[in-house]
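Listed below, chain by chain, are the residues.
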Amino acid sequence: MTEGETLPDIPDPGNTRNQSVEDDDAGSVTRCRRGDTEAFASLVRKHQKRMLNIAYRMTGDYDDACDVIQESFLSAWRSIGKFRGDARFSTWLTGIVLNRARSHRAQRAARARRDGISLDDPADIASGKFEDGLCAQGTSPAERLEKREMEARVQACIGRLDEEQREVIVLRDIQGFSYEEIGAVLKMPDGTVKSRLFRARSALKDCLRPLFGDLK
Amino acid sequence: MTCSEIESRLCAYRDELLPPEEKDRIEKHISTCVQCGKALADLKRTADLLRDLEAVEPPPFFAEKIMARVREEAGRKRGIRRWLFHPLHIKAPIQAIAMILIAVSAIYVYQKGEPEMRKTTPLPAPIAAPEKGAVTAEPAKAPSHTADAAPSGRDSALRSLEPVRERPSAPPVAKPGKEEATAEFAAPHRKDRQPVRSSAALDGEAETGAVGQETPRGARDREDRTGPVGEAATAASEWKMMRRTGGIATGESAKAAVPAVPPRSVAGTPLDLRMRVEDVTAAVREIEAILDRFGARVVESRRLGQSGFMKVEIAARHAPAFRERIEGIGRVDPRNNLPAGPDGKVTVRIHIVGNP
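We now turn to the structure provided with this report. (Residues numbered from 1 in each chain as written. Chains lettered and ligands numbered in written order. Predicted model: local features only at pLDDT ≥ 70, side-chain atom pairs only at ≥ 80, totals over all residues.)

**A short note on the overall build of chain A**
Thought 1: Within chain A one finds ten helices and zero strands.
Thought 2: Ordered by position from the N terminus, the helices and strands of chain A form the series α-α-α-α-α-α-α-α-α-α.
Thought 3: The buried share among the 216 residues of chain A stands at 38%. (Helix = DSSP H or I, 4+ residues; strand = E, 2+ residues; numbered from the N terminus. Buried ≥ 20, exposed ≤ 12 C-beta atoms within 10 Å, placed from the backbone.)

**Comments concerning the overall build of chain B**
Thought 1: Secondary structure summary: chain B contains 14 helices and five strands in total.
Thought 2: Taking the contacts inside chain B whose residues are at least 6 apart along the sequence as the reference set, 80% of them involve residues at least 24 apart. (Contact = placed C-beta atoms within 7 Å.)

**Looking at the nonpolar core**
Thought 1: Counting 56 residues, the largest nonpolar core has Leu52(A), Ala55(A), Ala65(A), Ile69(A) and Val97(A) as the members making the most contacts within it.
Thought 2: Of the residues forming this core, the biggest block, nine residues, is contributed by helix H2 (residues 37-59) of chain A.
Thought 3: Apart from residues no more than four positions distant in its own chain, Ile69(A) is found in contact with Gln48(A), Met51(A), Leu52(A), Ala55(A) and Val97(A).
Thought 4: Counting residues in hydrophobic clusters, the runner-up holds 30 residues, among them Val280(B), Ala315(B), Ala319(B) and Val348(B). (Core = buried A, V, L, I, M, F, W, Y, C linked by C-beta atoms within 7 Å.)

**Some details on the sheet that holds strand E4 (residues 331-333) of chain B**
Residues and elements named next belong to chain B.
Thought 1: Spatial strand order, E2-E3-E5-E1-E4: five strands in an open sheet with mixed pairing. Only two strands of the sheet have a single partner each, and these edge strands are strand E2 (297-304) and E4. The mean angle between the axes of side-by-side strands here comes to 20°, regardless of whether they run parallel or antiparallel.
Thought 2: Where strand E1 (residues 271-277) and E4 come together, three bridges link them in antiparallel fashion. Looking across to E4, one finds that methionine 275 is bridged to valine 332.
Thought 3: Sitting on the sheet, helix H13 (residues 280-294) touches E1, E2, strand E3 (307-315) and strand E5 (345-354), and the angle it makes with E3 is about 5°. (Pairing = 2+ DSSP bridges. Axes fitted to C-alpha atoms, helices over the stretch in contact; angles between N-to-C directions.)

**Brief notes about the packing of helix H1 (residues 3-14) of chain B against helix H3 (residues 34-51) of chain B**
The angle between the axes and the distance between the axes are what describe a pair of packed helices.
All names here are of chain B.
Thought 1: At their nearest, the axes of H1 and H3 sit 10 Å apart, and the two run at 30° to each other. With respect to H3, the axis of H1 lies roughly parallel. Here the hand of the crossing between H1 and H3 comes out right-handed. On H3, the residues touching Cys3, Ile6, Glu7, Leu10, Cys11 and Arg14 of H1 are Gln35, Cys36, Ala39, Leu40, Leu43 and Lys44.
Thought 2: Taken together, the residues that form the contact of H1 with H3 break down as eight nonpolar, one polar and three charged. (Parallel < 35°, antiparallel > 145°, perpendicular 65-115°, else oblique. Left-handed = near helix turned anticlockwise from the far one by under 90°. Nonpolar A, V, L, I, M, F, W, Y, C, P; charged D, E, K, R; others polar.)

**Re the interface of chain B and chain A**
Thought 1: Each side of the interface is counted separately: chain B has 28 residues, and chain A has 35 residues.
Thought 2: Where the side of chain B that touches chain A is concerned, the elements lending two or more residues are H1, H3 and helix H4 (62-85) of chain B.
Thought 3: Here the side of chain B that touches chain A gets ten residues from one element, more than from any other, and that element is H4(B).
Thought 4: For the side of chain B that touches chain A, the per-class residue count stands at 18 nonpolar, two polar and eight charged.

**Here's the deal with H3(B)**
Thought 1: Helix length check: H3(B) (18 residues) gives 26 Å between terminal C-alpha atoms against 26 Å at 1.5 Å per residue, within 8%.
Thought 2: Three or more residues of H3(B) are buried, namely Cys36(B), Leu43(B), Thr46(B), Leu49(B) and Leu50(B). Projected down its long axis, H3(B) shows its buried positions confined to an angular sector of 140°, all on one face. Counted as exposed and oriented over 90 degrees from the buried face of H3(B): Val34(B), Ala41(B), Asp48(B) and Arg51(B).
Thought 3: Among the structural elements, helix H7 (141-160), helix H8 (163-174) and helix H10 (190-212) of chain A together with H1 and helix H2 (20-32) of chain B are those in contact with the buried residues of H3(B). (Expected span 1.5 Å × (residues − 1). Arc of directions from axis to C-beta.)

**Quick notes on unusual backbone geometry**
Thought 1: With phi around 55°, Lys187(A) is a residue other than glycine that occupies positive phi space.
Thought 2: Relative to the helices and strands, Lys187(A) is located in the loop between helix H9 (179-186) and H10.
Thought 3: At Phe61(B), a residue that is not glycine, the phi angle is positive and equals roughly 60°.
Thought 4: Among the structural elements, Phe61(B) can be located in the loop between H3 and H4.

**Focus: the pairing of E5(B)**
Look at any regular strand and the pattern is simple: side chains alternate between the two faces of the sheet.
Thought 1: Direction of pairing for E1(B) relative to E5(B): parallel, over a ladder of seven bridges. From the neighbouring strand, Leu271(B) faces E5(B), where its bridge partner is Val348(B).

Below, the structure is given as structure tokens:
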């Protein structure tokens, strides 16, 4: 399948293109436009975790992801007056996060080229930054270590994908966005989203294939 | 359907996006093809790995940190707007009145300010060369600045701080003899009998190197023009040429320019000098002491805040020496010297500005 080829649009169970956009955040957004910071605080609390995970999978670095999210929310606050409400607030915010992550990663790549460091080095997971979360599952240390290594390799493979392929993989296969939402975020038709996603999965499968023999 | 076609549709198959008949064909193929079956299994494992990735948690007080920045920005924006415009019905008229006051003040300051703020300094008027007898060959030592000139200088300095008034020139206490003065004023001049160029012209020569060898004809023409009027016209034309070219004219060009410049009175257009000094009061005192020595007449003297203004009449032949002396007090602009002239008076306006 070539880059420009798109799959035919097939009815998607999650496709709500023809429905009116119903946004749970519409009321808060209206208050934010009037300068209500408390309304914006509620939006931050609601969306911070999901946006942080998107940024983390896009950048591959936890601290960078935190920076990206802070900048993204600040940018959203500054430009909330321009948000027309023709998409969900979460969709609009995801677009901002992806843009910020792109520019952040570009800056980091330039810095890494200068310093001779690999971008795909999953330092956070390997260094045990998320040990607390894994301990909560009640697994043994050996299992935790194995899972951590596996996550590091998966993240490394995600990091090796093209920027566009990584975006659709993160949004669809990790965050569970519908094709319509991804199309709205990336401003592209569903067919393009699907073809890009299938190419991304194929590339990721090829990257992860050496791991499959180790899987139970 | 070939294996590669099947493999390209496996993602859509797994997401259940294919029509039923195509889905059936793929299932039949996979049941018989080990390679395609393995590809589908790998795809499922990839999806499982992605799904099982651990979600990261925001750091503690992450939302609070974000909101602190948001509130800071919101407060800054609101604060500027409020500071500028609220309440609008009070601040708008105040701002309008303030603008009008500023505009009126600016116009007033411009109109009533120091003269040098309003007009550019006119270029010095041409001055005729001194009489032939004043030109000597030997550079002589300058007259010593003796202490006996000091009392007169102090008195004149005190007078200079008074309001503007006319007063006669004070007689010099230690007036140098004629020979001494002649030697002093002639020091930078040439030895021959050619009409003396102004020291400004000589400066221009030294700086620009624009002076060529004078042609014999040019020199002869100069010598032919005898008498004060002719020499004055020559010097005036040279001065004019120097102003045009930034250097000094050659003999030929000077000759060509002579008819264009009518002879002018040396006491006609005043010369403007601008001085920048550390202490205006002390500078005025010293200038007056020097003026006394040359027998110059102070026409006007006044003090304007951190600056002073003096209008003096001085013998044209003393003008270059006067210029040299006052350069010892502070920086003098324009840099070109006062032109030397024949006997006669030249009016010099000195604007003294103190360094901030």
